[in-house]
Amino acid sequence: MLDISTLLNAFPGYIAQGAIWGIMALGLYISYRLLEFSDLTVDGSFATGAAVTVMLIIMGWPAWAAMIVAVLAGMLAGLVTGLLHTALGIAPILAGILTQIALYSVNLHILGNKPNQAVSVDKYDLILSLRTVNEAIVIALIFAAALICAFYWFFGTEAGSAIRATGCNPAMAKAQGINIDFCKVFALAVSNGIVALSGGLLAQYQGFADVAIGRGAIVIGLASIIIGEVIAEALFSKHMSFWLCLSSAVIGGILYYIIMGVVLWLKLPTNDMKLFTAIIVAIFLAVPYLKKNFKTSFLRLKLAEKKKAKEAAKNA
Amino acid sequence: MLDIKGVFKTFNPGSITEKKALQGIDLHLEDGDFVTIIGGNGAGKSTMLNAIAGVWPVDEGSIFIDGKDVTAMPEHKRASLLGRVFQDPMTGTAANMQIEENLALAARRGKKRGLGWEVTKAEREKYHDMLVSLDLGLEDRLSAKVGLLSGGQRQALTLMMATMVKPKLLLLDEHTAALDPKTAAKVLEITDKAISENKLTALMVTHNMNDAIKHGNRLIMMNEGKIVYDVSGEEKKNLTVEDLMKKFSELGGHFSDRALLG
Ligand SMILES: Nc1ncnc2c1ncn2[C@@H]1O[C@H](COP(=O)(O)OP(=O)(O)O)[C@@H](O)[C@H]1O
Ligand SMILES: [Mg+2]
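How each quantity is defined
- Throughout this description, residue numbers start from 1 for each chain and increase along the sequence as written.
- Chains and ligands are labelled sequentially in the order written, the chains with letters from A and the ligands with numbers from 1.
- Selection of residues for local features in this predicted model requires a pLDDT of at least 70, selection of side-chain atom pairs for listing and counting requires 80 or more, and totals for whole chains, interfaces and linings are taken over all residues.
- Values shown for side chains rest on all heavy atoms present in the structure; no hydrogens or waters enter the calculation.
- Every helix listed is a DSSP run of H or I at least four residues long, and every strand listed is a run of E at least two residues long, numbered separately from the N terminus.
- C-alpha atoms define the radius of gyration in this analysis, and the globule rule sets the expected value at 2.2 Å times the number of residues to the power 0.38.
- Three labels apply to residues, based on accessible area from a 1.4 Å probe with only protein chains included: buried if under 20% of the type maximum, exposed if over 50%, partly exposed otherwise in between.
- In this analysis, two residues are considered to be in contact whenever any of their non-hydrogen atoms come within 4.5 Å of each other.
- Using the Shrake-Rupley algorithm and a 1.4 Å probe, accessible areas are obtained, with residue cover drawn only from the displayed protein chains.
- Being paired, for any two strands, means DSSP has found at least two bridges between them.
- By convention, the term buried area covers the 1.4 Å-probe accessible surface removed from two parts as they join, with the contributions of both added.
- In the sections that follow, a salt bridge refers to a side-chain nitrogen of Lys or Arg positioned within 4 Å of a carboxyl oxygen of Asp or Glu.
- In the analysis that follows, any N or O atom pair within 3.5 Å is treated as a polar contact, provided that within protein one partner can donate a hydrogen and the other can accept it, and provided that, for residues neighboring in sequence, both atoms belong to side chains.
- For this classification, Asp, Glu, Lys and Arg are treated as charged, while Ala, Val, Leu, Ile, Met, Phe, Trp, Tyr, Cys and Pro are nonpolar and the rest, including Gly, are polar.
- Being near a molecule or strand, for a residue, means having at least one of its heavy atoms within 4 Å of it.

**Digging into the overall build of chain A**
Alright, step 1. The secondary structure content of chain A amounts to 12 helices and 2 strands.
Alright, step 2. Listing each helix as α and each strand as β along chain A from the N terminus yields α-α-α-α-β-α-α-α-α-β-α-α-α-α.
Alright, step 3. In terms of C-alpha radius of gyration, chain A reaches 22 Å, essentially the compact-globule figure of 20 Å for 316 residues.
Alright, step 4. Expressed as lengths along the three principal axes of its C-alpha atoms, the size of chain A is roughly 85 × 65 × 35 Å.
Alright, step 5. Taken over 316 residues, chain A has a buried fraction of 50%.
Alright, step 6. For chain A, contacts bridging at least 24 residues in sequence account for 77% of all contacts bridging at least 6.
Alright, step 7. Accessible surface for chain A amounts to roughly 15,000 Å². Of this, 69% is attributable to carbon and sulfur atoms.

**Quick look at the pairing of strand 3 (residues 34-39) of chain B**
Residues and elements named next belong to chain B.
Alright, step 1. With respect to burial, strand 3 is a largely interior element, 6 of its 6 residues being buried.
Alright, step 2. Residues Phe 34, Thr 36 and Ile 38 line one face of strand 3 and the alternating positions Val 35, Ile 37 and Gly 39 line the opposite face, and both faces are buried.
Alright, step 3. Summarising the sheet, strand 3 and strand 9 (residues 218-223) pair through 5 bridges and their orientation is parallel. Following the sheet pairing, Ile 38 is matched in strand 9 by Met 221.

**A look at the interface of chain A and chain B**
Alright, step 1. With 22 residues of chain A in contact, the opposing surface of chain B contributes 28 residues.
Alright, step 2. Both sides together, the interface formed by chain A and chain B hides about 2,100 Å², and carbon and sulfur atoms give 58% of it.
Alright, step 3. When the area that chain A buries against chain B is broken down by residue, the three leading residues are Glu 158, Met 172 and Gln 176 of chain A, summing to 31%.
Alright, step 4. Here chain A is connected to chain B by 4 salt bridges.
Alright, step 5. The salt bridge partner of Glu 118 of chain B is Arg 164 of chain A, with a shortest N-O separation of 2.9 Å.
Alright, step 6. Linking chain A with chain B are 15 residue pairs in polar contact (both at pLDDT 80 or more).
Alright, step 7. Only helix 5 (133-154), helix 6 (158-168) and helix 7 (170-175) of chain A provide two or more residues apiece to the side of chain A that touches chain B.
Alright, step 8. For the side of chain A that touches chain B, the element with the highest residue contribution is helix 6 of chain A, accounting for 7 residues.
Alright, step 9. Each residue belonging to the side of chain A that touches chain B can be placed in one class, and the counts come to 11 nonpolar, 7 polar and 4 charged.

**Quick look at the site of ligand 1**
Residue and element names in this part refer to chain B.
Alright, step 1. In the neighbourhood of ligand 1, the contacting residues comprise Phe 11, Asn 12, Lys 19, Ala 21, Gly 40, Asn 41, Gly 42, Ala 43, Gly 44, Lys 45, Ser 46 and Thr 47.
Alright, step 2. Contact distances for ligand 1 include 2.9 Å between an oxygen atom and a backbone N or O atom of Gly 44.
Alright, step 3. Contact between ligand 1 and Ser 46: an oxygen atom at 2.8 Å from a side-chain N or O atom of the residue.
Alright, step 4. Protein contacts shield 63% of the accessible area of ligand 1, which totals 560 Å² for the unbound molecule.
Alright, step 5. When contributions to the shell around ligand 1 are tallied by element, the ones reaching two or more residues are strand 2 (19-29) and helix 1 (45-53).

Structure below.
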């Protein structure tokens, strides 16, 4: 039996988790959208953020201080990927995968060679927890809003504009005297710092860090960005301001979790969760492409031809 | 202003695709020289400009700009000395960024990029006035994405970006080749104006011999990675396309058909 009230009861939890993943999507936005660099480091740096936060809190650090260190750890991960790419000439995707794989071991070490570590809200002062889910939603959204404001400011500065130019047209950026290698490394570091922050938030929210907490983070982050974009474009036409782009990434994260919640509620097998995620992301990635290309595709001509032939047959 | 001494560049050395693109280039430019460069496809014209810009290091030889040895200087550091416009209108501007953002990026060439606003209000007004004098109807579209502009508009904008911080040397690589004849003429006119008003030193590659003769005070012809002909002053002014064709066939080269057009 499908009972709508179970879905509704779970809703706040989905919104909270979605908002936390939305923060991750903001981090990914820097690499994926502004730098046009598909950075697979994030699966690892998300878990690094979670692991560092949880271990430091267990060691008696205040949660805020633990999260600052988590951000720095994430930035270090981004720095490594950036240097693998710029200094050693490794292709973006591979550079990210290498760091991600390396981080799996690093994260196990951080977690004291255990696959997971609990951090109970009863014992420690956490910034947010699923125990107080409404409060958790507010806190996650405050983080997201603060980051959106910071992005809006920074990417409107000379330095931020240099990073955007690097992503948009590296040849032009170099001709205008921009050190694109530095821009890439810097942006990847900041991006992964934010990803680690959201990892630290999720670990506190759920009360534990798991070495696999970041598995598939890249896909969830992409899903958030793209679902947000598709919907915002549908609502606000083509002209998207930077505010709207950023906010829609966070909203996309929330929507993604709600969609997943519905999938769970429909009692679709949870083993197939990743499959559904991949299908949903593939669909949302494909929609804008197909929409754009249909007008100029051979398929359209073929369909038109068929239609004509049918009509001719009817008239005959 | 520019000194190139014994520059060699070979692409993919030792492989079957090995290409000796520059084979001993020596070139000296005086302050204010406006040199046009012609030569067949693959003669090494773009490669020479890329060597000056530092797209990659040269194999041998040295390059001085304004007395400064830039041979070991990476591309983004040399950029403060150079203005560049490329053949492909897409190359010189950032399509996803606004007109004013592109201009502001160029205004900071060679300067430190900090946490100040990328475009200030005063700049916005200045850009508006500059675009008015460009007369392409761009002055009221400062916040439009450059990707929406036509090829000619983009090249004119790139030219403005290349010259707004006065470069020691302006590098133009067939920057009108991708444009229709009318637009090409207009962009060339803007080029002439920018060079003479700012008293720039410039190298302009063109495949159009008439343009090569009409513009600038000196003309060089390249073939197989070498400078094979170099004229200036009265001699250059009196050149005809036939002279150039003859000169070229004497050297055993042949121009593609498009060089004959126009
Ligand atoms: N980056 C590169 N890698 C390999 N070969 C190159 C490269 N750039 C130019 N070449 C080759 O060097 C030769 C000279 O090219 P180029 O300078 O572009 O000629 P053009 O005089 O037509 O501008 C050509 O054979 C070209 O294929
Ligand atoms: Mg060329």
